[in-house]
Amino acid sequence: MARFLLTLGVVVMFVLEGTVMQVSAPSTWGLSWMTVPRFALVCCIFISMYLGRREGLYYGIAFGFLQDVLFGQLIGIYTMSMMVASYFAGMIVLLFQRGFGMVFITSFLILFGHEWLLYSLFRLFSAAPFDVQWILTHQILPSVLLNLAFGLLVYFPIKNVCNKILAKKEMHMQ
């Protein structure tokens, strides 16, 4: 039941980032900077940190593919980038303890790396006409900060559900 709730929660976050959050984007209010909500990615990163890199990889592939099919310009870019981001989040956790500060520093670095990878890939395929300085200050950093703020909201619920899944997994192993 906990795994179902976790997956359902990530699906709801994916729907929210593509619908409700588009209405409240700063660009619709006339501001010069843009934020791109990546709520499903934040959830995948947290899942990867608490349930392991393989589980995060699966969630990253699934929701990256959904992102590609529903919103992407090129098929495979979001699949690869969300998969890599989730996997690296799980790898970093192997080196450090999962404290609150480490989780958010790692999330910041992973989100920044994800946005930078997306910009680089779109730039490679000439789909990103903006220069590096503009994209860094007007899209990447505001997007990372928005997603970190969202991460603060969902950190404890995701952590609790992941701990329930791990406890159930340990019970079955005994």
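Residues numbered from 1 in each chain as written. Predicted model: local features only at pLDDT ≥ 70, side-chain atom pairs only at ≥ 80, totals over all residues. Heavy atoms only, no water.

Per an unreviewed UniProt entry, the protein chain carries the name Rod shape-determining protein MreD and comes from Brevibacillus porteri. Under the UniProt heading Sequence similarities (unreviewed entry), the note attached to the protein chain is "Belongs to the MreD family." One UniProt comment on the protein chain, placed under Subcellular location (unreviewed entry), says "Cell membrane". (UniProt positions renumbered as here; feature names shortened; annotations may be inferred.)

Draft legend 1. Structural view of the pattern of salt bridges. Tallied over the full model, the rule gives two salt bridges. Between Arg3 and Glu55 there is a salt bridge, with the nearest N and O atoms lying 2.1 Å from each other. Of this pair, Arg3 sits in helix α1 (residues 2-18) while Glu55 sits in helix α4 (residues 53-71), and the two are 52 residues apart along the sequence. Looking at Arg3, the relative accessible area reads 34%, which means it is partly exposed. As a salt-bridge pair, Arg38 and Glu115 come within 2.7 Å of each other at their nearest N and O atoms. Taken as a pair, Arg38 in the loop between α2 (20-23) and α3 (39-51) and Glu115 in helix α6 (residues 100-124) lie far apart in primary sequence, 77 residues in all. (Salt bridge = Lys/Arg side-chain N within 4 Å of Asp/Glu carboxyl O. Helix = DSSP H or I, 4+ residues; strand = E, 2+ residues; numbered from the N terminus. Buried < 20%, exposed > 50% of the residue type's maximum accessible area, 1.4 Å probe, protein only.)

Draft legend 2. Focus on the packing of α3 against helix α7 (residues 132-173). Where α3 meets α7, the closest approach of the two axes is 9 Å, and the angle between their N-to-C directions is 40°. As far as their axial angle goes, α7 and α3 are oblique. As α3 runs across α7, the sense of the crossing is right-handed. Across from Phe39, Val42, Cys43, Phe46, Ile47, Tyr50 and Leu51 in α3, the residues of α7 making contact are Asn147, Phe150, Gly151, Val154, Tyr155, Ile158, Lys159, Cys162, Ile165 and Leu166. (Axes fitted to C-alpha atoms, helices over the stretch in contact; angles between N-to-C directions. Parallel < 35°, antiparallel > 145°, perpendicular 65-115°, else oblique. Left-handed = near helix turned anticlockwise from the far one by under 90°. Contact = heavy atoms within 4.5 Å.)

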